[in-house]
Amino acid sequence: MPRSMTSTWHPTAYRTHTLGQIQSEGAGLVGQEVTVAGFLHASRGKGAMCFADLRDGTGMTQVFAKADLLGEDALSTLQSLTRESTLQVTGTVAQKRPPKVADGETPPPPAYEVLASSITVVAEAQAPLPLGVTDTVGVGLDTRLDNRFLDLRRAHVNAMFRLRGKVLEFGRAHLIGEGFVETHTPKIVATATEGGTDLFPMTYFETPAFLNQSPQLFKQLCMSGGLERVFEIGPAFRAEKHDTYRHLNEFISFDIECSWATDDDVMGVLERMIHHIWSSIASDPTCQAHVATINAWRATQDEDPIEVIVPELPFPRVEYDDAIRIIKERGGTIEWGNDIDAENSDLLAQGLPQFYFIPRWPMDLKPFYIHHVDGEEGSTGRQLSRGFDLNFGRDEMTSGGQREHRIEVLCDNLRNMDLDPEAFEFYVAGFRHGVPPHAGWGLGVERILMVLTGAKNVRETVLFPRDRRRVCP
RNA sequence: GCCCGUUUGGUGUAGAGGUUAUCAUGCAGGAUUGUCAUUCCUGCGACCCGGGUUCAAUUCCCGGAACGGGCGCCA
């Protein structure tokens, strides 16, 4: 499996080096003139000298300024510049004087700074800031989201989104390695794709249309089209007026569909992919640095550090039938045929500290496109399906299953669920001229990120979340 | 959609029927400093909106708005 590529930062019109390079390549740069740029993270010193911490996307470097090198005017400009202003600094690289350390303590590794010879204020930051980028005082989520551009400058928030990118990178790499092809399906659709959930209506020229709730039906048509193994990472829209820590009205769904496969086969794909993501993050130094940044913040908030614990393969499987029995044994109120609600999920999750599958749900709890095998019945004699969920603790990460490829059964399912096969003709047609048996799943990217980063609210894992009350920014 | 709660400087908070409204952070000015989350001094800055009760409401009551938590449903 290809490792994550090491990124190369080329010089740009605004800088010769990144601030990260000043630190990582500092020994070789001492005495050399460089131009760097970034946000003014902090500045100290109002007298004859000034220490300014400059921050860019790669790290932080101290700029040291004295009047004899920089000039009186430029020095006082720097000293009066507001936090978070952007500036460009030209100067020579030098090794920082090591800090005083108490006896017995080991001195820190050498660090490098820029002795400023000229500065350009690019864009001044208005004060006061709507939220403090470097402050350790807590900030309410709503204030943060209203000012997300500033919130993102905070180290632990920035680290969250860099980790998000890595999760997608590792997940994508794993699926490509298993022979899956990346695809895109339409987000503007003419009919309700699955029924059940509320959709956002829109107008497509003169035709009523909707934002797609999932790529489900289209990725199945790809199976009919012989693409064999596809995946898609894309948005899904749900007009549900829910208001919880784990729901969004726009989220990113990580979907696969796989031909000549059963539910058990694609559970294997899913657990191998998650295992790959976790083990890649655990062994990637950049990711570990992001985790450390998040943990440094958590420490200031009296929160326990997060740990990247690579889950063991295979993940536990607790069939629906057993899940109901276990919940009852633990005192939960539930009947065979009920969905497993949050409270009962808590009971079930006892003793299951990580990811676990719940396969073989009752057929009448699953959508029309889920396959069933005649004769597979639960303890009450009712028909089971080949649908499964993947949970972490109480939270559902994935739902998936083997799909119904038998056209007569598919149409029966539609009718049994009060849906009209005519309305799904574009989909049903795909089963009329030969189709492989197939299976797949959809994984909530944000929910996976909650697990990885310890975020208690799904909104933390999305740049600009869309929820019941928020469409802006 | 249902239930519960919250709303105090830019940010995060404490608090009480009558206070100079607490603390932290921030901001402004000053002193100190090749600093390492500098330190110290001085100052600035707030009770969500409407109505009611009361001699007096930011505090109690009602309504609204905004936000947060729980549930349903889902990924």
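The model shown is predicted, which means the values in this text are computed figures rather than measured ones. Positions within a chain are numbered from 1, following the residues in the order the chain's sequence is written. To read the labels, note that chains go from A and ligands from 1, taken in the order they are written. For a predicted model such as this one, the threshold for reporting local features is a pLDDT of at least 70, and the threshold for listing and counting side-chain atom pairs is 80 or more; totals across whole chains, interfaces and linings nevertheless cover every residue. Computation of side-chain values covers all heavy atoms of the structure but excludes hydrogens and water.

### Observations regarding the protein's contact with RNA strand B
The full set close to RNA strand B counts 47 residues, and Gln62, Glu113, Arg246, Met397 and Arg447 are the nearest of them. Polar contact is defined as a pair of N or O atoms within 3.5 Å, subject to the rule that within protein one atom must be able to donate a hydrogen and the other to accept it, and that residues adjacent in sequence are counted only when both atoms are side-chain atoms. Ala342 is positioned such that a nitrogen or oxygen atom in its backbone is 3.1 Å from a phosphate oxygen of RNA strand B. What counts as a helix is a DSSP run of H or I of at least four residues, what counts as a strand is a run of E of at least two, and both are numbered from the N terminus. Elements with a contribution of two residues or more to the surface near RNA strand B: strand 2 (49-56), strand 3 (59-66), helix 5 (141-146), strand 14 (395-402) and strand 15 (438-444). Per-element tally for the surface near RNA strand B: the top contributor is strand 14, with 4 residues. In this classification, Asp, Glu, Lys and Arg are treated as charged, Ala, Val, Leu, Ile, Met, Phe, Trp, Tyr, Cys and Pro as nonpolar, and every other residue, Gly included, as polar. Split into classes, the residues belonging to the surface near RNA strand B amount to 13 nonpolar, 14 polar and 20 charged. Nearness of a residue to a molecule or strand requires only that one of the residue's heavy atoms be within 4 Å of it.

### A word on the pairing of strand 2
Successive side chains on a regular strand alternate, one facing one side of the sheet and the next facing the other. Counting buried positions over the 8 residues of strand 2 gives 6, a clear majority of the element. For strand 1 (residues 33-44) and strand 2, the ladder comprises 5 bridges, and the chain directions are antiparallel. Note that in strand 2 the partner of Leu40 across the bridge is Leu54. Between strand 1 and the antiparallel strand that follows it, strand 2, lie 4 residues; Gly45 among them carries a positive phi value of about 105°. At least two DSSP bridges between two strands are needed for those strands to be called paired. The pairing of strand 2 with strand 3 spans 8 bridges and is antiparallel. In the sheet register, Leu54 faces strand 3, and the bridge partner there is Thr61. Between strand 2 and strand 3, which pair antiparallel in sequence order, lie 2 residues. Working definition: with a 1.4 Å probe on protein chains only, accessible area under 20% of the residue-type maximum means buried, over 50% means exposed, and in between means partly exposed.

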